[in-house]
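Here is how the chains run, residue by residue.
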Amino acid sequence: MKIINVVGARPNFMKIAPLMAAFASRPKVEPLLVHTGQHFDERMSDLFFRQLRIPKPDINLGVGSGSHAVQTAEIMKAFEPVVAENAPDAVLVVGDVNSTIACSLVAVKMGVKVIHVEAGLRSFDRTMPEEINRLLTDAISDLLFCTEESALDNLRREGVPDEKVFLVGNVMIDTLLNNKASAERSSILEELHLADCRYAVLTLHRPANVDNPLIFARLLDALEVIQRDLPIVFPIHPRTRKSLVESGLGKRMEAMPGLRPMDPAGYLDFLKLLAHARIVLTDSGGIQEETTILKVPCLTLRENTERPVTAQVGSNRIVGTDPGRILGAYREAMDGKGRAYGIPPLWDGNAAGRIAAILVERL
Ligand code: UD1
């Protein structure tokens, strides 16, 4: 059973790592790994392959950045001959990035089965490029693996037959649990002179937040207050760095001594930073899940989430981008109010094994 596994952008790497390991231990599966090259920097890509011990990609499409149409089209053009040449039984895609929809679309039109890992998540916000990628990928997938109950409801509502859909848990959490002990050995806290539970972690990269200087400025209003209370570590995504320079907001940030920018962190350093933070502020999807498992309060700087279970049972609060609301939620979190620290069902480190077992039986 030949499966082409696709990765492209940073959040894909932690999802594919446990799947490649699960396939390696099943002689019936012949996995190939294709990197589209959507993310290409050492700190956005190569470092993750080394730290997560992901096999070197069999093929790198080297596509790089571009507008949505250009990036998606370039990936499709480069991926089609790879599918033709390798004649796989299935193409497996993860998450919701442009590489996910581009490769699924190529596969389905060539009559190759599409497997989507992390299917069914919905923010119900169609201005997010990821929401379009999720809807379209799920509509053409043959097997859909879900992380939480809400995803099953969404797929049922969209008319996806139940027999294609499986609740298996969360491969991203497999990776977190597999690497927690090695992350503890990271010296990042000492390097940044941070004390356990005495700092915040911030990440921002959503186009809706960072490409819009008015919204970004409002977020900085809130962060300005918080950094007087608690140092904020801020690993900066390339998109965000670009926007800080172009909007001039970088200057304003430099005037905040408690806000500490840094380059994008590797997986292990970042996991250590998250695990020991007092609080996390983010617009990422995956970090909402990671803080849930780590039982660290998380404020999500968006109006919605496609991962509602993290707010229902976990430590996540959806607080939007209004400074008053962010500060109110920050104070509540610091007072330890209104927190739940539950763990969603099946987020136990065994999701990739479940997926591999179902694939061997079904394909
Ligand atoms: C992509 C995903 C998003 C995911 C995020 C994680 C889509 C639509 N979006 O957004 O869902 O959460 O990755 O990072 O697929 N860049 C570099 N070096 C790199 C990669 C990117 O400098 O290694 C720059 C690009 O040149 C571009 C910007 O970062 O200017 C954005 O990259 P892009 O891949 O288009 O989207 P992301 O914002 O990273």
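Model, not experiment: these values are computed from the prediction. Note on numbering: residues in each chain are counted from 1, in written sequence order. It should be noted that, the model being predicted, local features are given only for residues of pLDDT at least 70 and side-chain atom pairs only at 80 or more, the latter also being counted only at that level, while totals for whole chains, interfaces and linings use all residues. Hydrogens and water molecules were not included; the side-chain quantities draw on all heavy atoms of the structure.

(A) Expanded view of the site of the ligand. Taken together, 20 residues lie near the ligand, and His-39, Ser-65, Asn-98, Glu-130 and Arg-239 sit nearest. Within 3.5 Å is the distance limit for a polar contact, defined as a pair of N or O atoms, with the added protein rule that one can donate a hydrogen and the other accept it, and that residues adjacent in sequence qualify only through two side-chain atoms. One of the side-chain nitrogen or oxygen atoms of His-205 is found 2.8 Å away from an oxygen atom of the ligand. Interatomic distance of 2.8 Å between a side-chain N/O atom of Lys-242 and an oxygen atom of the ligand. The protein chains shown are the only cover counted for residues, whose accessible areas, like all others here, come from Shrake-Rupley with a 1.4 Å probe. Taken by itself the ligand offers 750 Å² of open surface, and the protein chains cover 88% of this. Only protein atoms enter the 1 Å grid used here, on which a cavity is any set of points holding a 1.4 Å probe that cannot leave and a pocket is any open set flanked by protein within 12 Å on both sides along at least five of seven lines; residues with an atom within 4 Å of a point are listed as lining. A pocket or cavity is taken to hold a molecule when more than half of that molecule's atoms are within 2 Å of the pocket's grid points. Comparing atom positions with the cavity grids shows the ligand to sit within the largest pocket. Put simply, DSSP marks the helices as runs of H or I at least four residues long and the strands as runs of E at least two long, and each gets a number from the N terminus on. Counting residues per element, the ones that place at least two in the shell around the ligand are helix 3 (68-86), helix 5 (129-139) and helix 11 (238-247). Here a residue counts as near a molecule or strand whenever at least one of its heavy atoms sits within 4 Å of it.

(B) Main features of the sheet that holds strand 7 (residues 165-167). Strand order across the open sheet formed by seven strands is 3-2-1-4-5-6-7, with parallel pairing between neighbours. What marks the edges here is a single partner per strand, and that holds for strand 3 (59-60) and strand 7. The criterion for strand pairing is that DSSP finds at least two bridges linking the strands in question. Pairing of strand 2 (residues 30-35) with strand 3 involves two bridges; the strand directions are parallel. Residue pairing in the sheet places His-35 in a bridge with Asn-60 of strand 3. Strands strand 1 (2-7), strand 4 (90-94), strand 5 (113-117), strand 6 (143-146) and strand 7 of the sheet are contacted by helix 17 (residues 351-362), whose axis makes an angle of about 160 degrees with strand 6. Whether two residues touch is decided by their heavy atoms; if any such pair falls within 4.5 Å, the residues are in contact. Between N-to-C directions, angles span 0 to 180 degrees; the directions come from axes that are lines fitted to C-alpha atoms, helices contributing only their stretch in contact.

(C) Broad picture of the sheet that holds strand 10 (residues 259-262). Read across the open sheet, the six strands follow the order 10-9-8-11-12-13; overall the sheet is parallel. Strand pairing shows two members of the sheet lacking a second neighbour, strand 10 and strand 13 (316-318), which therefore form its edges. Between one strand and the next, the sheet's axes are offset by a mean angle of 20 degrees, whatever the strand orientation. Taken together, the two bridges between strand 8 (residues 200-203) and strand 9 (residues 232-235) define a ladder with parallel strand orientation. Its bridge partner being in strand 9, Ala-200 is matched across the sheet by Ile-232. Packed onto the sheet, helix 10 (residues 213-229) meets strand 8, strand 9, strand 10 and strand 11 (279-282) and runs at close to 135 degrees relative to strand 9.

(D) Structural view of the layout of surface pockets. Looking at the largest pocket, its volume works out to about 1200 Å³. Lining the largest pocket are 50 residues, with His-39, Met-44, His-205, His-237 and Arg-239 sitting closest to its centre. Only helix 1 (10-24), helix 2 (42-51), helix 3, helix 5, helix 11, helix 13 (267-275) and helix 14 (286-294) provide two or more residues apiece to the lining of the largest pocket. Under the scheme applied, nonpolar residues are Ala, Val, Leu, Ile, Met, Phe, Trp, Tyr, Cys and Pro; charged residues are Asp, Glu, Lys and Arg; polar residues are all the others, including Gly. For the lining of the largest pocket, the per-class residue count stands at 19 nonpolar, 17 polar and 14 charged. Grid points are joined across faces, edges and corners, and a volume is the space filled by probe spheres set on the points. By volume, the second largest pocket is sized at about 230 Å³. In this structure, the second largest pocket is lined by 15 residues; those nearest its centre are Asp-125, Ala-208, Asn-209, Arg-302 and Glu-303. Within the residue set of the lining of the second largest pocket, elements represented by two or more residues are helix 5 and helix 9 (207-210). The element that contributes the greatest number of residues to the lining of the second largest pocket is helix 9, accounting for three residues. In the lining of the second largest pocket, the residues fall into six nonpolar, four polar and five charged.

Purely spatial values, then, with no claim about function.
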